[in-house]
Amino acid sequence: MDIHKEKIAVIGLGYVGLPLSVMLAEKGFHTKGVDLDTRKVTMLQQAKSYIGDIDDTLLRKVVGSGSFHATTNFDEIKEVDSIIICVPTPLTKHKTPDLSFIISAGKEISARLQRGQLVILESSTFPGTTKEVLLPILEQSGLQAGTDFFLANSPERIDPGNETYQVDEIPKVIGGVTKKCKEKALSLYKKIYHNVVPVSSTEAAELTKLLENTFRFVNISFINEMALLCDQLKVDIWEVVEAAATKPYGFTPFYPGPGIGGHCIPVDPLYLQWKLSQYETSSTFITISDQINKRMIDYIVTRTEELLKPRQLLSSANILIYGVTYKKDVADTRDSPTLEIIEQFREKGAKVSYHDPYIPRLTIAGQLMTNTELTEKMLREMDCVIILTDHSNIPLDKILHHAPLVFDTRNVTKGHHGTSHVVRLGEGADL
Ligand SMILES: NC(=O)c1ccc[n+]([C@@H]2O[C@H](COP(=O)([O-])OP(=O)(O)OC[C@H]3O[C@@H](n4cnc5c(N)ncnc54)[C@H](O)[C@@H]3O)[C@@H](O)[C@H]2O)c1
């Protein structure tokens, strides 16, 4: 089919679904974006973006040309050829998979499923979700997968804030519920992506995503543990990682930080762990990495207390946090370790403020905080500035010049470590 006639619906217009929808629309697909959030849909209908990677000019182009249309009305999916699901897969309060968004999107689709439609699940989830959870819901329509409609899994690999790779340059792993389902999904994605990677089952596709993110989870946790050990060994972890990274094979550098945050890396391994628990087994690496990740938060707080000690008690200190998002250059604080670090400082009596160019306000434990302007006077009045996120536009010179003490957890002060009032996580220095 000519792609200019092909119609695709994307369900869930968040960090994954919106960039995907805009890319599809730019490529000439008639793209409908469906979301339950009326605020988001209204903004998109007015060509206003709420995601950093998508600017309003781009949205105006695809909304204006009619190639992208946002709606809250699921009935519009009856007209499309393919439906791509990009809804959230968070954890419940018991740290188990919360599939309620996939289930509710599945029910909406099932009630409107048309013969010949292709449905692809892109949300990150444990192996078995497509076949054991989504398939039965869709077959309640009376249609059968592989003959009447087609169902596949292709985990999303978008990396918000990453300007190196365009969405269509990231190879797409695809598994189908049946052979025909896989062929249908491959045939669509070959028109969209430069590279497609077929795998033998939806379970293999689902586990590929969990393997990728668990690999990062375990390795970042390992390097964080090494950073804590390096503070005791009095060796600089940053120097050691850089030196090790010169090895042309067999070593992949990972860098320390205040703990792993975001919607994916700390969450996906726990999806895998939950699935393993159904087989009465578990991954030791995931358990330990989760523990180390939590330990980082306590370490940042106790290390700050130690650094302040010669001059100031933490209980009466003024602390400024630079960067509250879970990673650089994104406006996303979901599961950011910063939130718990701020809470712990407050519980210990410190007066905490924050500066983050991406986050105008923040609510932590029911208390609203607003972004503090970084003035020279304010920096001078702080007892400690803690750099928790390494946004590209950090005004480093200003901070270094005016703050009496800087605790850098991201190595942005690299090259300034001779400066007596700057301490980096894992550099092993006494103050
Ligand atoms: N954010 C990332 O960096 C990233 C990267 C790769 C994969 N993923 C995975 O992609 C999935 C989506 O993540 P995200 O970051 O885009 O989430 P998000 O929270 O930013 O967006 C999800 C959107 O889905 C909407 N939604 C929820 N239930 C719905 C329903 N039943 N019908 C229609 N819309 C619904 C929400 O209103 C929201 O706008 C998750 O499984 C996530 O793990 C995320």
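Cut-offs applied
- Residues numbered from 1 in each chain as written.
- Predicted model: local features only at pLDDT ≥ 70, side-chain atom pairs only at ≥ 80, totals over all residues.
- Heavy atoms only, no water.
- Near = heavy atom within 4 Å.
- Polar contact = N/O pair within 3.5 Å; in protein donor to acceptor, adjacent residues only side chain to side chain.
- Areas by Shrake-Rupley, 256 points an atom, 1.4 Å probe, with all protein chains shown as cover.
- Nonpolar A, V, L, I, M, F, W, Y, C, P; charged D, E, K, R; others polar.
- Domains from an automatic or database assignment.
- Axes fitted to C-alpha atoms, helices over the stretch in contact; angles between N-to-C directions.
- Helix = DSSP H or I, 4+ residues; strand = E, 2+ residues; numbered from the N terminus.
- Parallel < 35°, antiparallel > 145°, perpendicular 65-115°, else oblique.
- Left-handed = near helix turned anticlockwise from the far one by under 90°.
- Contact = heavy atoms within 4.5 Å.
- 1 Å grid on protein atoms, 1.4 Å probe; cavity = no way out; pocket = protein on both sides within 12 Å on 5 of 7 lines; lining within 4 Å.
- Points joined across faces, edges and corners; volume = space filled by probe spheres on them.
- Expected span 1.5 Å × (residues − 1).
- Buried < 20%, exposed > 50% of the residue type's maximum accessible area, 1.4 Å probe, protein only.
- Arc of directions from axis to C-beta.
- Disulfide = S-S within 2.5 Å.
- Core = buried A, V, L, I, M, F, W, Y, C linked by side-chain atoms within 4.5 Å.
- Pairing = 2+ DSSP bridges.
- Patch = residues over 30% accessible without salt bridge, like charges linked within 9 Å, V, L, I, M, F, W, Y side chains within 5 Å.
- Salt bridge = Lys/Arg side-chain N within 4 Å of Asp/Glu carboxyl O.
- Right-handed = clockwise from strand over helix to strand, strands pointing away.

Undergrad: Report on the site of the ligand, specifying residues and quantitative values.
TA: Around the ligand lies a shell of 28 residues, among which V16, D35, K40, T89 and S104 are the nearest. Taking S104, its side chain carries an N or O atom lying 2.9 Å from a nitrogen atom of the ligand. Out of a free accessible area of 830 Å², the ligand has 93% covered by protein chains. Looking at the shell around the ligand residue by residue, the classes come out as 15 nonpolar, seven polar and six charged. The residues that make up the shell around the ligand include at least three from each of domain 1 (7-200) and domain 2 (235-424).

Undergrad: Would you mind going over the packing of helix 1 (residues 17-26) against helix 3 (residues 56-64) in detail, with residue names and values included?
TA: Packing of helix 1 against helix 3 leaves a shortest axis separation of 10 Å and a crossing angle of 55 degrees. It follows from the interaxial angle that helix 1 and helix 3 lie oblique. As helix 1 runs across helix 3, the sense of the crossing is left-handed. Along the contact surface, helix 1 presents V22, A25 and E26, while helix 3 presents L58, L59, K61 and V62. Class assignment of the residues belonging to the contact of helix 1 with helix 3 gives a composition of five nonpolar, no polar and two charged.

Undergrad: Account for the layout of surface pockets, naming residues and giving values.
TA: When its volume is computed, the second largest pocket comes out at roughly 860 Å³. At the level of elements, helix 1 and helix 2 (38-45) are the ones that each hand at least two residues to the lining of the second largest pocket. Looking at which domains feed residues into the lining of the second largest pocket, each of domain 1 (7-200) and domain 2 (235-424) supplies at least three.

Undergrad: I'd like to hear about helix 6 (residues 179-190), residue by residue, with values.
TA: In a regular helix each residue adds 1.5 Å, so twelve residues correspond to 16 Å; helix 6 covers 16 Å between its end C-alpha atoms and thus fits that length. Residues C181, A185, L186, L188 and Y189 constitute the buried set of helix 6. Taken down its axis, helix 6 places every buried residue within 165 degrees of arc, on the same side. Residues of helix 6 that are exposed and point more than 90 degrees away from the buried face comprise K179 and K190. In this fold, the buried residues of helix 6 make contact with strand 1 (7-11), strand 4 (82-85), strand 5 (118-121), strand 6 (150-153), strand 7 (172-176) and strand 8 (196-198).

Undergrad: Would you mind going over the state of the cysteines in detail, with residue names and values included?
TA: Applying the stated rule across the entire model yields zero disulfides. Unpaired in this structure, C264 has its nearest cysteine sulfur neighbour in C86, at a distance of 12 Å. Exposure remark for C264: the relative accessible area of 30% places this residue in the partly exposed category.

Undergrad: Describe the nonpolar core, with residues and values.
TA: A general trend in soluble globular proteins is that nonpolar side chains are found buried together. If you look at the biggest cluster of nonpolar residues, it comprises 110 residues, and the most contacted ones within it are I321 and F345. The dominant element in this core, judged by the number of residues it contributes, is helix 10 (residues 284-308), at eight residues. Here F345 is in contact with I300, V301, T304, L314, I319, I321, A350, V352 and I386, once residues within four sequence places are set aside. Ranked by size, the runner-up nonpolar core spans 15 residues in total, among them L374, M382, L396 and A403.

Undergrad: Any details on the sheet that holds strand 14 (residues 406-408)? Residues and values, ideally.
TA: Read from one edge to the other, the open sheet built from five strands follows the order 10-9-13-14-15, with strand pairing classed as parallel. The open sheet has two edge strands, strand 10 (351-355) and strand 15 (422-424), and neither has a second partner. Each strand axis lies, on average, 20 degrees off the axis of its neighbour in the sheet, ignoring direction. Both strand 13 (residues 384-387) and strand 14 contribute to a ladder of three bridges, which runs parallel. Note on strand 14: the bridge partner recorded for I386 is F407. Most of the contacts of helix 11 (residues 337-347) go to strand 9 (residues 318-322), to which it runs at about 180 degrees, and overall it touches strand 9, strand 10 and strand 13.

Undergrad: Now, about a nonpolar patch on the surface: what can you tell me, with residues and values included?
TA: Nonpolar side chains collect at one region of the surface, where L229, L233, V235 and V240 lie side by side and expose about 320 Å² of accessible area between them. Take L233: it is sitting in helix 7 (residues 202-233).

Undergrad: Break down the environment of K348 for me, with residues and values.
TA: Inspection of the secondary structure assignment puts K348 in the loop between helix 11 and strand 10. Accessibility expressed as a relative area gives 36% for K348, which makes it partly exposed. Along the chain, K348 and E305 lie 43 residues apart, while their C-alpha atoms are 9.9 Å from each other. Other than its neighbours up to four places away in sequence, K348 contacts V301, E305, L314 and S315.

Undergrad: Which residues make up the sheet that holds strand 6, and what are the values?
TA: Within the open sheet, the eight strands sit side by side as 3-2-1-4-5-6-7-8. Their pairing is mixed. The two strands at the open ends of the sheet, each matched to only one other strand, are strand 3 (68-71) and strand 8. Taken over all neighbouring pairs, the strand axes of this sheet differ in orientation by 25 degrees on average, direction set aside.

Undergrad: Help me get a handle on the pairing of strand 13, residues and values and all.
TA: Residues C384 and I386 point to one face of strand 13 and V385 and I387 to the other, with burial holding for every one of them. Remark: the strand 13/helix 13 (residues 396-402)/strand 14 crossover connection has right-handed handedness.

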